[in-house]
Structures are given as C-alpha cells and as structure tokens.
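Listed below are the residues making up each chain.
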Amino acid sequence: MDPITEDLMAAGHDDAALLFSAAYRSFSPGVAGYLRAGGVEDPEGVTHDVFLALYTRLKAVRGGTQGLRVLIFSIAHARLVDHHRRRTRMPAPAEYDPGRDERLSASAEDVALDGNAEANALALLEGLREDHREVLRLRIIAELSVNDVAYIMQKSPGAVTQLQHRAMASLRNQLRAKNGVPT
C-alpha cells in the first residue's frame, strides 16, 4: 500500500475521488494478479469492474487500510465466482489437437509453458483442487491475512491454515513428479 492511501484512510479523507485513485494505484496490480490466477480471461477488465463497484462503497469503508483491502478482495472474489458461473453456462471450447495442427512452429501454449514462469505457475495451480487454488490466490497473490481469507471464503481461520498447508504440499508433490523426483 502506498503512503498516500494509508494517510487518506487514517485521516478519514472525504475526497472520494482522491481516495479511489490512491486505492486503485495501490491495489489494482494485486487484484489483476488474483483474477489472472483465478482463470479470468480478461483480468484487467474485471479489475476495472471491481473498482467501479468499490467507488460507490468508499464512504462505508471501516477498518482503515485493512478494511479497504478486505472489501476490495471481497468484491474481486465475488466477480471471480460470477465469472466461473458464466463460463459453466457457455459452450466448452474445442480442445487443441496437435495431430491436426499443420504449422511448422510450436504452438503458443508450448512456447508459454516452456519459458514463461507465470504460465508455469498458472499450470501448477490448475493441477490443484479449487479450494486449494482459491486459498493460495488469496493468501499469496492478494497477500491477505488468514482471518481475511477466512472471512472471504466463509471458513474458520484454522480451516484456511489447513487448506493452505495442504495446497502447498500438493504443489510440492506436483513439482517432484514433474522433475522425476520420488515423493
């Protein structure tokens, strides 16, 4: 969080546009990363939707900077859930079949997975259960506390800690299997 946002929140600043601008600068990269890790096709567009929803609620924010962060990521979580609900109602895209591809160069997917660390991380997340992915996105990408994640996921803090522990163990097992190391 940048110092301007902290100062504005601490002072209870009444200029909603100034506070909104500072909040956007501080939190939009984390929100976009959270949505990207959640599989949203247009994370920047959905990030803008999150902040549009935030603007009307700025006057009601309680709890200072942390309250603002929790509100922003609660809205982002709701938009992520909405996105996946919409996807289930849409027809499934056709699977890529490399046997039918007559191009001479590697596909974009192959290139991305070979050298792109972000793509590799997203591929590893896809191998996890949904609740494991969600807890890692909120704890690591959004940098929320256990209590904040518990509030957003509607679970106890102990359950969130267990989910995170199990998710990390699953990631370690995936990496070992990928590298040919026995588990």
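Procedures and definitions
Every chain is numbered independently, its residues counted from 1 as its sequence is written. For this predicted model, a pLDDT threshold of at least 70 governs which residues receive local features, and a threshold of 80 or more governs which side-chain atom pairs are given and counted, while totals over whole chains, interfaces and linings are taken from all residues. Note that water and hydrogens are dropped before the side-chain values are worked out from all heavy atoms of the structure. The helix count covers DSSP runs of H or I at least four residues long, the strand count covers runs of E at least two residues long, and both are numbered beginning at the N terminus. For each residue, the accessible area found with a 1.4 Å probe, counting protein chains only, is set against the maximum for its type, and the residue is called buried under 20%, exposed over 50%, and partly exposed in between. Note on areas: Shrake-Rupley with a 1.4 Å probe; residue coverage comes only from the protein chains shown. A pair of aromatic rings is counted whenever rings of Phe, Tyr or Trp (Trp by its six-membered ring) have centres within 6.5 Å, and the orientation is called stacked for planes under 30 degrees apart, edge-to-face for over 60 and tilted otherwise. Multiplying 1.5 Å by the helix residue count minus one yields the expected span of that helix. Salt bridges are defined by distance alone: a side-chain nitrogen of Lys or Arg within 4 Å of a carboxyl oxygen of Asp or Glu.

1. A look at the overall build of the protein
1) Next: Of the regular secondary structure elements, the protein holds nine helices and zero strands.
2) Next: Reading the protein from its N end, one meets helices and strands in the order α-α-α-α-α-α-α-α-α.
3) Next: Here the protein holds 183 residues, and the buried ones make up 36% of them.
4) Next: As displayed, the protein offers around 11100 Å² of accessible surface, 54% of which is attributable to carbon and sulfur atoms.

2. Focus: the packing of aromatic side chains
1) Next: This structure, assessed with the given rule, holds five aromatic pairs.
2) Next: Consider the rings of tyrosine 34 and phenylalanine 73, whose centres lie 6.0 Å apart with planes at 85 degrees: the pair is edge-to-face. In this pair, tyrosine 34 is assigned in helix H2 (residues 16-37) and phenylalanine 73 in helix H4 (residues 64-89), connecting sequence segments 39 residues apart.
3) Next: Looking at phenylalanine 73, the relative accessible area reads 1%, which means it is buried.
4) Next: By the ring-pair criterion, three or more aromatic residues cluster together here, those being Phe20, Tyr24, Phe51 and Tyr55.

3. Points about H4
1) Next: Taking 1.5 Å per residue, 26 residues should reach 38 Å; H4 reaches 38 Å between its end C-alpha atoms and fits that length.
2) Next: By the burial criterion, the buried members of H4 are Gly67, Leu68, Arg69, Val70, Leu71, Ile72, Phe73, Ile75, Ala76, His77, Leu80 and His83.

4. Some words on the pattern of salt bridges
Close approach of charged atoms allows side chains of opposite charge to pair.
1) Next: Throughout the structure, instances matching the rule amount to seven salt bridges.
2) Next: The closest approach of N and O atoms between arginine 137 and glutamate 134, which form a salt bridge, is 2.4 Å. Of this pair, arginine 137 and glutamate 134 both sit in helix H7 (residues 130-141), three residues apart, roughly one helical turn.
3) Next: A residue is classified by how much of its surface remains accessible, and arginine 137, at 1% relative accessible area, is buried.
4) Next: Linked through salt bridges whose partners overlap, the residues forming this network are Glu130, Arg133, Glu134 and Arg137.

Shape descriptors only; they carry no functional weight alone.
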